[in-house]
Amino acid sequence: MLAGHTGLVDDLLRKGVTNSQVIFERLLGQGYAGGLTTVKTYIAAHRDLVPAKRRQAAPQGCRGQRFRTAPGEAYQMDWGFVAVERPGGERARIACFAMVCHHCGGAHVEFFPNARQENLLIGMLHAFSALGVPATVLTDNMKSVVVRRDADGRPVWQADVSVNIIFTIFTNVFSPIAPTRMRRIRQRGCAAFGA
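The text that follows walks through the structure, step by step, so that each part is easy to find. All values derive from a computational prediction rather than experimental measurement.

Reading guide: rules and limits
- Residues numbered from 1 in each chain as written.
- Predicted model: local features only at pLDDT ≥ 70, side-chain atom pairs only at ≥ 80, totals over all residues.
- Heavy atoms only, no water.
- Salt bridge = Lys/Arg side-chain N within 4 Å of Asp/Glu carboxyl O.
- Helix = DSSP H or I, 4+ residues; strand = E, 2+ residues; numbered from the N terminus.
- Buried < 20%, exposed > 50% of the residue type's maximum accessible area, 1.4 Å probe, protein only.
- Phe/Tyr/Trp six-rings, centres within 6.5 Å; stacked < 30°, edge-to-face > 60°.
- Contact = heavy atoms within 4.5 Å.
- Axes fitted to C-alpha atoms, helices over the stretch in contact; angles between N-to-C directions.
- Left-handed = near helix turned anticlockwise from the far one by under 90°.
- Nonpolar A, V, L, I, M, F, W, Y, C, P; charged D, E, K, R; others polar.
- Pairing = 2+ DSSP bridges.
- Disulfide = S-S within 2.5 Å.
- Core = buried A, V, L, I, M, F, W, Y, C linked by side-chain atoms within 4.5 Å.

Brief notes about the pattern of salt bridges
Under the counting rule described, the total for this entry stands at 3 salt bridges. Its salt-bridge partner being Asp11, residue Arg14 comes within 3.6 Å of it at the nearest N-O pair. Taken as a pair, Arg14 and Asp11 lie in helix H1 (residues 6–14) at a separation of 3 residues, close to a single helical turn. According to the relative accessible area criterion, Arg14 is partly exposed, its value standing at 48%. Its salt-bridge partner being Arg154, residue Asp152 comes within 3.2 Å of it at the nearest N-O pair. Residues participating in the shared-partner salt-bridge network are Asp150, Asp152 and Arg154.

Here it is as structure tokens:
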């Protein structure tokens, strides 16, 4: 009985109008001669046309606060990996070293064939020559820096002596965490280095 009027009902359903009485009255204005029960049955069978209800999320405040420090106080470094296509068409995965200044946002990015310690040292030295030498370099549990954590949660450094010298002078290890928590940890100092 809705033949010829289904287009109007479908449009109303797509607009979120689901009240059968409202749709029935609109159909009567278009010359519909059927009953309300037929309209209700059609609406129930075509609920998939109704868009999902939107819910307003509660405000969560500023979640993108940038971690800032004084000039020369702290940098942060990490490895990333990217798939590349070599000239012969072969696909490979290479390491991307990045170091960012927490004060100005300046960054040094360099690509290496892998994320070994020697490449980390080269990347750090190049970053220091480009950005200057900070008081502290923050990092997460990168394998080229930390072997594991001990029972008390302190980092167990890589065995390479030259790496240990650089890391004990410049580096604090942190878990990947939110910037606001990082700031609190930084303000308390790193117990591993007596800061």
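Now that the structure is up, let's keep going.
Focus on the packing of aromatic side chains
Inspection of the entire model under this criterion finds 3 aromatic pairs. Between Phe24 and Tyr32, the aromatic rings sit 6.2 Å apart at their centres with planes inclined by 90°, giving edge-to-face as the arrangement. For the ring pair Trp79 and Phe112, a centre distance of 5.8 Å and an interplane angle of 75° mean the geometry is edge-to-face. With Trp79 in strand S1 (residues 74–85) and Phe112 in strand S3 (residues 107–112), the pair connects residues that are 33 residues apart, well separated along the chain. In this pair, the class of Trp79 matches that of Phe112, namely buried. Cluster of aromatic residues (ring-pair linked, three or more members): Trp79, Phe97 and Phe112.

A closer look at the environment of His126
For His126, the position within the fold is in helix H4 (residues 117–131). Sequence-wise, His126 and Glu110 are 16 residues apart; in three dimensions their C-alpha atoms are separated by 8.7 Å. Residues contacting His126, with those up to four places away along its chain left out, are His108 and Glu110.

Some points on the packing of H1 against helix H2 (residues 20–29)
Where H1 contacts H2, the two axes come as close as 10 Å, and the packing angle between them is 145°. Relative to H2, H1 is oriented so that their crossing is right-handed. Two secondary-structure elements touch here, H1 through Leu8, Val9, Leu12 and Leu13 and H2 through Ile23, Arg26 and Leu27. By residue class, the composition of the contact of H1 with H2 is 6 nonpolar, no polar and 1 charged.

Description of the pairing of strand S4 (residues 136–139)
Of the two faces of S4, the one holding Thr136 and Leu138 and the one holding Val137 and Thr139 are both buried throughout. Relative to S4, S1 is paired through 3 bridges, and the arrangement is parallel. In the strand pairing of S4, Tyr75 is matched with Val137.

A look at the environment of Gly132
With respect to the secondary-structure elements, Gly132 resides in the loop between H4 and S4. Between the C-alpha atoms of Gly132 and Cys101, which are 31 residues apart in sequence, the distance is 9.5 Å. Setting aside residues up to four positions removed in sequence, Gly132 forms contacts with Tyr75 and Ala127.

Here's the deal with the state of the cysteines
One pass over the full model with this rule turns up 0 disulfides. Cysteine Cys101 shares no disulfide, and the gap to the nearest cysteine sulfur, in Cys104, comes to 3.7 Å. The class of Cys101 is buried, set by a relative accessible area of 7%. The class of Cys104 is exposed, set by a relative accessible area of 53%.

Notes on the nonpolar core
One finds Met77, Trp79, Phe97, Met99, Leu120, Met124 and Val145 to be the most contacted residues of the largest nonpolar core, which totals 17 residues. Looking at this core, the elements that each hand over two or more residues are S1, strand S2 (91–101) and H4. Val9, Leu13, Tyr32 and Leu49 belong to the second-largest nonpolar core, a separate cluster that totals 12 residues.

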